[in-house]
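As a plain string of letters, each chain reads:
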Amino acid sequence: MHSGRTWLSMANNVKKIYGVIGYPVKHSLSPAMHNAAFKYLNINAEYKLFEVRPEELEDFLLKDILIKDINGGSVSTYDISGFNITIPHKIKAKEILERGFPFNQDVPQIQQDLYYVKLSGAVNTVKREGNVLRYWNTDASGFLKSLEEDLEFKTKGKNVLLIGCGGAGRAVIAALSWKNVEIKKIYITDINEETMNSAKEHFSLIPQA
């Protein structure tokens, strides 16, 4: 699966590379946000944009290959410390990552992380630890935190209408389905009927927690 290259931890004086993968991705404002945070926190790191075509996704996730950022700079995938995943890769990336790096279900602290990934069927955040990739759906946990802390919205017993059933929409469904949230019912709709039907089929096959 992997090239067999020995992973070496980066020295403190070597700039770490992070980024976001998607296709297209040039419109993303993520580098401005993350690089400003790195500078403010005095972290020696840079956040880049990587356009990864759908047919390149599996090699990017599972192999040690050279990839160019949108400015033409080359970097090895094994030298990317972590990355976010955006359209159209969130669902396909979950399938690839789960096959290549299955969750250790014996570790209790990952129960909720595992639930969000399994139920949403999507991944948006990946961290490299040696030759292993750890992955999460932080869309789900971030949505819940914002709902509860920023909007002070009480979820118990509520009905919810979700407009949009793509990767982020699936994460919202996963978040609202967590056992402590106690939502009464979730209604979904999407301008793309195929996307909506795909989401319906996906969630109908997964037992609730």
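Values in this document were obtained by computation on a predicted structure and should not be read as measured data.

Caption draft 1: The arrangement of the overall build of the protein in detail. When its secondary structure is counted, the protein shows seven helices and nine strands. Looking at the protein as a whole, 41% of its 209 residues are labelled buried. Within the protein, contacts between residues at least 6 apart in sequence are counted, and of these 70% link residues at least 24 apart.

Caption draft 2: Local environment of the environment of Pro31. Tracing the sequence through the fold places Pro31 in helix H1 (residues 30–40). The class of Pro31 is buried, set by a relative accessible area of 16%. Taking the C-alpha atoms as reference, Pro31 lies 5.3 Å from Tyr47; in sequence the two are 16 residues apart. Aside from chain neighbours lying at most four places away, what touches Pro31 is Ala36, Tyr47 and Leu49.

Caption draft 3: Structural detail: the nonpolar core. The biggest cluster of nonpolar side chains holds 24 residues, and the ones touching the most others in it are Leu61 and Leu97. With four residues, the top contributor of residues to this core is helix H2 (residues 57–62). Ala140, Val160, Leu162 and Val172 belong to the second-largest nonpolar core, a separate cluster that totals 21 residues.

Caption draft 4: The arrangement of the pattern of salt bridges in detail. Overall, the coordinates contain 10 salt bridges when judged by the stated rule. A salt bridge links Glu46 to Lys48; the nearest nitrogen and oxygen atoms lie 3.7 Å apart. For Lys94, the salt bridge is made with Glu98, and the minimal N-O distance between the two is 2.7 Å. With Lys94 and Glu98 both in helix H3 (residues 90–100) and four residues apart, this pair spans about one turn of that helix. Under the relative-accessibility criterion, Glu98 is labelled buried at 18%.

Caption draft 5: Main features of the pairing of strand S5 (residues 80–85). The element S5 is largely enclosed, with a buried count of five among its six residues. As defined by bridge partners, S5 adjoins strand S6 (residues 125–129) across three bridges and the pair is classed as antiparallel. Each bridged residue has a counterpart across the sheet, and for Phe83 the counterpart in S6 is Val126.

Definitions and cut-offs
Residues numbered from 1 in each chain as written. Predicted model: local features only at pLDDT ≥ 70, side-chain atom pairs only at ≥ 80, totals over all residues. Heavy atoms only, no water. Helix = DSSP H or I, 4+ residues; strand = E, 2+ residues; numbered from the N terminus. Buried < 20%, exposed > 50% of the residue type's maximum accessible area, 1.4 Å probe, protein only. Contact = heavy atoms within 4.5 Å. Core = buried A, V, L, I, M, F, W, Y, C linked by side-chain atoms within 4.5 Å. Salt bridge = Lys/Arg side-chain N within 4 Å of Asp/Glu carboxyl O. Pairing = 2+ DSSP bridges.

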